[in-house]
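Spelled out from the first residue to the last, the chains are:
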Amino acid sequence: MRLDQLRYLSDLQYSHSISKTAKRYFISQQSLSNNIQQLEKELDVILLERSPFGVALTKEAEALLRISDPFLSQYDDLKNDFAIRQQKIEQHMKRLKVYSSSVLFTNLLPEAIAIFQKSYPHIRISLKERTYKQVFPDIIEQKCDLAFLSINDHFFFEQLEKYCDNSFHHHVLLNDRLVACVSAHSPLAKKEIIEQEDIIQRSFTYLDFVPLKSESDYHSNIALYTSDNVEFHRRALKEMDVISLMPRYVYTYMFDGKNFVSKYLEGAKQIIYHAAIYPDNPPNPVTKELVDIIASLL
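This one's a predicted model, so the numbers in the text were calculated from it and none came from an experiment. Numbering of residues starts from 1 in each chain and follows the order in which that chain's sequence is written. Where local features are concerned, this predicted model is filtered to residues with pLDDT of at least 70; where side-chain atom pairs are given and counted, the filter is 80 or more; whole-chain, interface and lining totals use all residues. Based on all heavy atoms of the structure, the side-chain values leave hydrogens and waters out of the count.

### Overview of the overall build of the protein
Numbered from the N terminus, helices here are DSSP runs of H or I no shorter than four residues, and strands are runs of E no shorter than two. Helix and strand counts for the protein stand at 11 helices and 12 strands. Only protein chains enter the accessibility calculation, which uses a 1.4 Å probe; a residue is then buried when its area is under 20% of its type maximum, exposed when over 50%, and partly exposed in between. Residue burial in the protein is summarised as follows: out of 298 residues, 44% are buried. With the model as given, the accessible surface of the protein reaches about 16500 Å², and the carbon-plus-sulfur share is 50%. The Shrake-Rupley method, run with a 1.4 Å probe sphere, supplies the accessible areas, and residue values consider only the shown protein chains as cover.

Following this line, the structure appears as structure tokens:
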């Protein structure tokens, strides 16, 4: 049973004409007849009595419409209410401020924004990169409408407790792990796992830096470079025998498997969250649609 079938039947109670109802709904008479027949078959009843003067509803059809007509009316009212509310939201939102402290999301946002603006061409989107330490205060102070970040679970829950979880809304899109990326020509490329000793003996870099737990043994060596400059890390890996620590999904989306390889990292137990944060709870449906687009690209 479909809504359009019920609408056709409801209209026939007033038009008494297959041709008039078909014309009103811009379908062929044959298509309308087929729809009614399908409904009759599904319910195992006769809904229409046909005569040279048109069609008339049977008692079974009248009983069905006594239930379905109020439902159709309420459904249309609700649909119109949603449309009006959506229109008000769109009219109110002229600009969408988006902050990112994640290489992964910064890389995906241009494509997501292009898709988003096909539905909302009048909304201007401004994109600004912020550090992970700046994102939570900015959200709390409502300096932006949406923020993306990649961050370890310890720091993430620490921030939720600090700022009270109910003061904003968060949505974790991906759970991730830290991996070690090395050049395909490095001797380390043949190893199954990168050990802490390998990192201590070599220079290493952080890409899409997420705060490591203070007890991490990786702090026993000084990082050569900490940045979200992907090209620097690519060049460093190609030209020097270094290790680059990064979230697994950052490697997957931004490093090719020909020149680079990723390896499991000894002791990397902490979880990295790739998340979206909103300053309001529940989130604005228009803002959430941009997040849903990002999620579809992952």
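### Topic: the side chain of serine 100
Structurally, the position occupied by serine 100 is in strand β3 (residues 95–101). On the basis of relative accessible area, serine 100 is assigned to the buried category, the value being 2%.

### Digging into unusual backbone geometry
Phi is positive for phenylalanine 26, close to 55 degrees, though the residue is something other than glycine. For phenylalanine 26, a relative accessible area of 76% corresponds to the exposed category. Positioned with a positive phi, aspartate 44 is a non-glycine residue whose angle comes to about 60 degrees. Classification of aspartate 44 as exposed rests on a relative accessible area of 69%.

### Let's talk about the pattern of salt bridges
Counted as salt bridges are all cases of a side-chain nitrogen of Lys or Arg within 4 Å of a carboxyl oxygen of Asp or Glu. Counted by the stated rule, this structure contains 10 salt bridges. The partner of aspartate 76 in a salt bridge is arginine 7, and the shortest N-O contact between them spans 2.7 Å. Of this pair, aspartate 76 sits in helix α4 (residues 59–92) while arginine 7 is found in helix α1 (residues 3–15), placing the two residues 69 residues apart along the sequence. Arginine 24 serves as the salt-bridge partner of aspartate 11, at 2.8 Å between the closest nitrogen and oxygen. Highlighted residues: aspartate 11 in helix α1 and arginine 24 in helix α2 (residues 18–24), separated in sequence by 13 residues.

### Considerations on the confidence of the model for the protein
Along the chain, pLDDT gives the predictor's confidence residue by residue, from 0 to 100. Looking at the protein, pLDDT values average 83 and 88% of them are 70 or higher. In the model of the protein, strand β9 (residues 223–227) stands out as the element of lowest mean pLDDT, 62, in contrast to helix α3 (residues 29–43), which has the highest, 92.

### Thoughts on the packing of helix α6 (residues 132–140) against helix α7 (residues 153–163)
Angles shown run from 0 to 180 degrees and are taken between the N-to-C directions of axes, each axis being a line fitted to C-alpha atoms and, for helices, limited to the stretch in contact. As a packed pair, α6 and α7 sit with axes 11 Å apart at the nearest point and diverge in direction by 30 degrees. One element, α6, and the other, α7, form an angle in the roughly parallel class. Along this stretch, α6 crosses α7, giving a crossing that reads as right-handed. Contact residues: Tyr132, Phe136, Pro137 and Ile140 in α6; Phe155, Phe156, Gln159 and Tyr163 in α7. By the convention adopted, Pro, Cys, Tyr, Trp, Phe, Met, Ile, Leu, Val and Ala count as nonpolar, Lys, Arg, Asp and Glu as charged, and the other residues, Gly among them, as polar. Here the residues of the contact of α6 with α7 are counted per class, giving seven nonpolar, one polar and no charged. Relative orientations are named as follows: roughly parallel for angles under 35 degrees, roughly antiparallel for angles over 145 degrees, roughly perpendicular for angles from 65 to 115 degrees, and oblique for any other angle. Crossing chirality is assigned from the near helix's rotation relative to the far helix, an anticlockwise turn below a right angle marking it left-handed and a clockwise turn marking it right-handed. In what follows, residue pairs with any heavy atoms lying within 4.5 Å of each other are defined as contacts.

### Here's the deal with the side chain of aspartate 11
Its relative accessible area of 11% is what places aspartate 11 among the buried residues. Excluding residues within four positions of it along the chain, aspartate 11 makes contact with Thr21, Arg24 and Tyr25.

### Description of the nonpolar core
Counting residues in hydrophobic clusters, the biggest one holds 38 residues, and the most contacted among them are Phe116, Phe148 and Phe255. Taken together, the elements giving at least two residues each to this core come down to β3, α5 (103–119), β5 (146–152), β6 (169–183), α9 (230–239), α10 (248–254), β12 (271–278) and α11 (285–297). Among the elements that make up this core, the one with the highest residue count is α5 (eight residues). Not counting residues within four places of it along the chain, the set of residues in contact with phenylalanine 116 comprises Leu96, Ile123, Ile125, Val286, Leu290 and Ile293. Note on terminology: a nonpolar core comprises buried Ala, Val, Leu, Ile, Met, Phe, Trp, Tyr and Cys residues joined through side-chain atoms within 4.5 Å.

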